[in-house]
Amino acid sequence: MKALVKKTPYAKDTYLEDIPNPKAGYNQVVVKVDSAGLCGTDIKFYNTDKGKTKLVTPVVIGHEGCGTIVEAGEGVCGLTVGDRIVCETSFYHCGKCVYCMTGYHNMCTNDRTSLGSKVDGFFAQYVLCNADFVHKIPDNITFDEGALMEPLACCVHAVLERSSIKPMDNCIIFGPGPIGILTAQVAKAAGAQVILVGTKHSRERLDLAKKMGIETTIVFDEMNFADQIQMLTDGLGADVIYECSGSNAALNQSLKMIKKLGEIVLMAAPTDCRLNLWDDLVLRDVNIVSSLSSKSTSWRTAIMLVQSKKINLMDLISHRFTIDQWEMAFTLGSSRECMKIMIYPNR
């Protein structure tokens, strides 16, 4: 089968190769990949040496995907050949540590492995999945929407499972990329008053967000930015802020725009940030929460939100490529002149 293989953890060492098809073992399924999403993490693995601590090479990259089961191994229950499915990024978790036993297998302390980094992922014609992490999708969800379920599940986890959001809360989201726009949609579905913030360089993304139902967007670089936030939050500041940009400037603004007793949720974070813990947090009783990856419950909720049409995924897709065109896809993704790129291994 065709597969995009990262040969070593080092930059650019990636090739489209012909490798053997996977075979289903106990409690495993083989999935024909219909659609796969290109993530910023995949692009970092390709362009940099950051895979040295994240990858077990050689490995087929890609952790966002959707497809159809073509083989079910012994011990698989509730799944059958022909089922349309999505799969969480987890391939192995111990099931015995305190995190696994409380539903947080994304925090497993005993050699958790993930698709697309330590075991072969979705940029291939077929992928082997652990049946424990497979979710069937209803007929009204397309394969492209299914492939975007992974980033949506991460946003569901941050908004509905990690933060303390309530209906009618004033929420600010920094960063109008795919994660920021999905976070804004989930917050809106939760009943919040949503403000999406981007820079002057992301006006097209802010316009896209409006098309997708996020009515209030603000340009971060504008002189009256702080005044606009104060007006929209009755002079108090935001109840909850989701930082999705990884920008030091955005984090600093979050500390200024959060209300007393408010909450900042870090979904991305600069590596060189500096906080005055006493003035920025303690004196104002502000909570800082982080959110990483997702749980099985996040995926079930994400599927229900898309099934009920409360989340728009399709308008995020800006470009589509076959797997033979993978270099074009990665070059475009590296330029940041796109939103979500889809790759089709079987076209």
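Report on the accompanying structure. (Residues numbered from 1 in each chain as written. Predicted model: local features only at pLDDT ≥ 70, side-chain atom pairs only at ≥ 80, totals over all residues. Heavy atoms only, no water.)

**Quick notes on the overall build of the protein chain**
Okay, step 1: Scanning the protein chain from terminus to terminus reveals 11 helices and 18 strands.
Okay, step 2: Taken against the 2.2 N^0.38 rule, which gives 20 Å for 347 residues, the C-alpha radius of gyration of the protein chain at 20 Å falls within 12% of a compact globule.
Okay, step 3: Across its three principal directions, the C-alpha atoms of the protein chain cover 60 × 40 × 40 Å.
Okay, step 4: Burial analysis of the protein chain (347 residues in total) assigns 55% to the buried set.
Okay, step 5: Summing over all exposed atoms, the protein chain offers an accessible surface of approximately 15600 Å²; the carbon and sulfur share of this is 51%. (Helix = DSSP H or I, 4+ residues; strand = E, 2+ residues; numbered from the N terminus. Rg over C-alpha atoms; globule rule 2.2 N^0.38 Å. Buried < 20%, exposed > 50% of the residue type's maximum accessible area, 1.4 Å probe, protein only. Areas by Shrake-Rupley, 256 points an atom, 1.4 Å probe, with all protein chains shown as cover.)

**Digging into the packing of aromatic side chains**
Okay, step 1: Tallied over the entire structure, the rule returns 7 aromatic pairs.
Okay, step 2: Taking 5.3 Å as the distance between ring centres and 70 degrees as the angle between the ring planes, the aromatic pair formed by F220 and F225 counts as edge-to-face.
Okay, step 3: Ring-pair connections join several aromatic residues into one group, and the members of that group are Y46, F123, W326 and F330.
Okay, step 4: In this structure, R347 is placed above the aromatic ring of Y344, and the distance from its NZ or CZ to the ring centre is 3.7 Å. (Phe/Tyr/Trp six-rings, centres within 6.5 Å; stacked < 30°, edge-to-face > 60°. Lys NZ or Arg CZ within 6 Å of the ring centre and 35° of its normal.)

**Thoughts on the sheet that holds strand β14 (residues 238-243)**
Okay, step 1: Read across the open sheet, the 6 strands follow the order β13-β12-β11-β14-β15-β16; overall the sheet is parallel. If you trace the sheet from one side to the other, it starts and ends with β13 (216-219) and β16 (287-290), each paired once. Mean inter-strand twist for the sheet, computed between neighbouring axes without regard to direction, equals 20 degrees.
Okay, step 2: For strand β12 (residues 193-198) and β13, the ladder comprises 4 bridges, and the chain directions are parallel. By the bridge assignment, L196 is partnered in β13 with T217.
Okay, step 3: Running at roughly 170 degrees to β12, helix α5 (residues 178-189) makes contact with β11 (170-174), β12 and β14 of the sheet.
Okay, step 4: Against the sheet, helix α7 (residues 225-232) engages β11, β12 and β13, with an angle of about 155 degrees to β13. (Pairing = 2+ DSSP bridges. Axes fitted to C-alpha atoms, helices over the stretch in contact; angles between N-to-C directions. Contact = heavy atoms within 4.5 Å.)

**Structural notes on helix α4 (residues 149-162)**
Okay, step 1: Taking 1.5 Å per residue as the helical rise, α4 with its 14 residues ought to reach 20 Å, and the 18 Å between its terminal C-alpha atoms agrees with that figure.
Okay, step 2: Along α4, the sharpest change in direction is near 25 degrees and occurs at V156.
Okay, step 3: With 11 of 14 residues buried, α4 lies mostly within the body of the structure. (Expected span 1.5 Å × (residues − 1). Bend = angle between axes of the 7 residues up to and from the residue.)

**Let's talk about the pairing of β14**
Okay, step 1: Most of β14 is tucked away, with 6 of its 6 residues classed as buried.
Okay, step 2: Looking at chain direction, β11 and β14 are connected through 4 bridges and run parallel. Within the sheet, the bridge partner assigned to I173 lies in β14 and is Y242.
Okay, step 3: Strand direction decides the pairing type here: β14 and strand β15 (residues 258-266), joined by 5 bridges, are parallel. Each residue of the ladder has a partner; that of Y242, found in β15, is V265.

**Let's talk about the state of the cysteines**
Simply put, the disulfide is a covalent bond whose two ends are the sulfur atoms of two cysteines.
Okay, step 1: A full pass over the atoms with the stated rule returns 0 disulfides.
Okay, step 2: No disulfide involves C66; its sulfur sits 10 Å from that of C129, the nearest cysteine.
Okay, step 3: There is no disulfide at C338, and the cysteine sulfur nearest it, in C39, is 12 Å away. (Disulfide = S-S within 2.5 Å.)

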